[in-house]
Amino acid sequence: MLILGGTTEASRLAQLMASRSLRAVLSYAGRVETPRSQPIQTRTGGFGGAQGLADYLRAHQITHLIDATHPFAAQISQNAAQAAQMTGTRLIRLMRPAWQPGPGDNWRDLPDLATAAQMLAGPPRRVFLAIGRLHLADFTSQPQHDYLVRLVDPPDSPLPLPNVTLEIARGPFDQATDLALLRRHRSDLIIAKNAGGAGASAKLSAARELGLPVWLIARPALPEAETVSDPAEIMDLLHADLGV
Ligand code: NAP
């Protein structure tokens, strides 16, 4: 089994695989300096596109490819779908459902980060930009705002925005922590990817508590794939396939 990881769900699946002594490898892109330690073998770094991944699947005689990457990691999911097709490997996507608004939420769904950046034109605001590190440059067109940015590792180069309050922390986060963070920064808006799952949802309940608006970026389209949302379902599928 090869698990494409970088998510809480992938780590949970690795635990389940280890508890059944299954031979599985967990793959990281290598974006985080010190990933969590795992109870199964890990590897780090890109494969070299769909072809490189297909080569890896063949070389390591992978029978099941589990795409447990983040819902916004569209390139690797595309590669996984292609590589699975090229090699005839069974592909299962493990992906948490998108967040849905509930009573008291003041959410606005946006198609992408570029739209969010355009909509920020106007007087200065205090924005919790909860989008990770890679796409901060999309907001350079709106330097007038005071941004709160939370990252797992301290950045190794200056961030592309002039007014940033930086918070270094690794999830999962709880509501009390996120309430305190939003109050400390005096945020008046949250911009976040609709990642789904529990580990990053505290900011949404904190926003509800404070009556703050949230702009949620919709997930990118991914190729068709058999999809489950719970790591335990993968174990059931493997049991049906392999009797393990
Ligand atoms: P991406 O744009 O979909 O992928 C870019 C390239 O990174 C891929 O083409 C692949 O390189 C390599 N890659 C991505 N995930 C990999 C994995 N698990 N193992 C080996 N190589 C991988 O991905 P991204 O959005 O930069 O995300 C990178 C990683 O961070 C993913 O593993 C994802 O689960 C995790 N993550 C992403 C987000 C997010 O918001 N995007 C949030 C939390 C965690 P090659 O083509 O060379 O194989």
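Residues numbered from 1 in each chain as written. Predicted model: local features only at pLDDT ≥ 70, side-chain atom pairs only at ≥ 80, totals over all residues. Heavy atoms only, no water.

*Asks:* Tell me what's going on with the domain arrangement of the protein, and back it up with residues and numbers.
*Replies:* Split into domains, the protein comes out as domain 1 (2-97 + 220-242) and domain 2 (107-217). Each of domain 1 and domain 2 was reduced to a C-alpha centroid, and the two centroids are 28 Å apart. Contacts between the two partners involve 11 residues from domain 1, matched on the other side by 14 residues from domain 2. When the two sides are added together, the surface that domain 1 and domain 2 hide from each other amounts to roughly 960 Å², 48% of it contributed by carbon and sulfur. For the pair domain 1 and domain 2, the number of links is zero salt bridges. Our enumeration of links across domain 1 and domain 2 arrives at four residue pairs in polar contact (both at pLDDT 80 or more). Here the side of domain 1 that touches domain 2 is built from residues that sort into five nonpolar, two polar and four charged. (Domains from an automatic or database assignment. Contact = heavy atoms within 4.5 Å. Buried area = accessible area lost by both parts, 1.4 Å probe. Salt bridge = Lys/Arg side-chain N within 4 Å of Asp/Glu carboxyl O. Polar contact = N/O pair within 3.5 Å; in protein donor to acceptor, adjacent residues only side chain to side chain. Nonpolar A, V, L, I, M, F, W, Y, C, P; charged D, E, K, R; others polar.)

*Asks:* Give a description of the environment of A180 that names residues and reports values.
*Replies:* Looking at the element boundaries, A180 is found in helix α5 (residues 175-185). Considered as a pair, A180 and L94 are 86 residues apart in the sequence and their alpha carbons are 32 Å apart. (Helix = DSSP H or I, 4+ residues; strand = E, 2+ residues; numbered from the N terminus.)

*Asks:* Before we move on, could you go through the sheet that holds strand β1 (residues 2-4) and cite the residues and values that matter?
*Replies:* Taken in spatial order, the six strands line up as β3-β2-β1-β4-β5-β12 in an open sheet, and their pairing is parallel. Each of the sheet's edge strands pairs with one partner strand only, and the pair in question is β3 (41-44) and β12 (226-228). Taking each pair of neighbouring strands and ignoring which way they run, the sheet shows an average axis angle of 25 degrees. For β1 and strand β2 (residues 25-28), the ladder comprises three bridges, and the chain directions are parallel. Within β2, the residue paired with I3 across the bridge is L26. On the sheet, helix α2 (residues 49-59) packs against β1, β2, β3 and β4 (64-67) and is oriented at approximately 150 degrees with respect to β1. (Pairing = 2+ DSSP bridges. Axes fitted to C-alpha atoms, helices over the stretch in contact; angles between N-to-C directions.)

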